[in-house]
Amino acid sequence: MGELRKQVEARKEKLIKKLINVGIYKSEDKHLFELTLTDIEQIYASIKRVNHHNKERV
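So, how was this worked out
- Residues numbered from 1 in each chain as written.
- Predicted model: local features only at pLDDT ≥ 70, side-chain atom pairs only at ≥ 80, totals over all residues.
- Heavy atoms only, no water.
- Helix = DSSP H or I, 4+ residues; strand = E, 2+ residues; numbered from the N terminus.
- Buried < 20%, exposed > 50% of the residue type's maximum accessible area, 1.4 Å probe, protein only.
- Salt bridge = Lys/Arg side-chain N within 4 Å of Asp/Glu carboxyl O.
- Core = buried A, V, L, I, M, F, W, Y, C linked by side-chain atoms within 4.5 Å.
- Contact = heavy atoms within 4.5 Å.
- Expected span 1.5 Å × (residues − 1).
- Arc of directions from axis to C-beta.
- pLDDT = per-residue confidence, 0-100.

K.L.:
What should I look at first to understand unusual backbone geometry in this one?
P.N.:
Leaving glycine aside, a negative phi is the common case for residues, and trans is the common case for peptide bonds. For Glu 28, which is not glycine, the phi dihedral falls at a positive 55 degrees. Residue position: Glu 28 is located in the loop between β1 (26-27) and β2 (30-31). Of the residues examined, Glu 28 reaches a relative accessible area of 79% and is grouped as exposed.

Structure below.
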């Protein structure tokens, strides 16, 4: 496996673990591990924005 592929897979695993920790296991009808890194990064960014926004209200 090439170095870039290893880095992509490691990034995916890290973000998937973070999403699972906040209770997200699927996106629409696909499990997180079936998605691309870009898809996972977009989901993570949106969750991060929502959490940040909610913290400001508290």
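K.L.:
I keep staring at the pattern of salt bridges and nothing clicks. Help me out?
P.N.:
Between side chains of opposite charge, pairing is possible as soon as their charged atoms come close. Counted under the stated rule, the structure contains two salt bridges. A salt bridge links Glu 9 to Arg 5, with the shortest nitrogen-to-oxygen separation between them at 3.9 Å. Pair noted here: Glu 9 and Arg 5 are both in helix α1 (residues 3-21), with a separation of four residues, about one helical turn.

K.L.:
How should the nonpolar core be read in this particular structure?
P.N.:
In a soluble, globular protein the nonpolar side chains are often hidden away together inside. Counting residues in hydrophobic clusters, the biggest one holds nine residues: Leu 15, Ile 16, Leu 19, Ile 24, Leu 32, Leu 35, Leu 37, Ile 40 and Ile 43. When residues of this core are traced back to their parent elements, those giving at least two are α1 and α2 (37-57). Each residue touching Leu 15, except ones within four places of it in the same chain, is listed here: Leu 37, Ile 40, Glu 41 and Tyr 44.

K.L.:
Just to check I follow, could you spell out α1 for this structure?
P.N.:
Turn by turn, an α-helix covers 3.6 residues, leaving residues three or four places apart pointing in a common direction. Taking 1.5 Å as the rise per residue, α1 with 19 residues should run 27 Å; its terminal C-alpha atoms sit 27 Å apart, in good agreement. Restricting attention to buried positions, one finds in α1 the residues Lys 12, Leu 15, Ile 16 and Leu 19. Along the axis of α1, the buried positions cluster into a sector of 105 degrees, meaning they face one direction only. Of the exposed residues in α1, the ones pointing more than 90 degrees away from its buried face are Glu 3, Lys 17 and Asn 21. The first or second residue beyond α1 is Gly 23, which carries a positive phi of 90 degrees.

K.L.:
I tried to follow the confidence of the model for the chain on my own but got confused; where do I start?
P.N.:
It should be kept in mind that the predicted coordinates are not to be read in detail where pLDDT is low. The predicted model of the chain averages 90 in pLDDT, with 90% of residues at 70 or higher. By mean pLDDT, the top-scoring element of the chain is α1 (97), and the lowest-scoring one is α2 (84).

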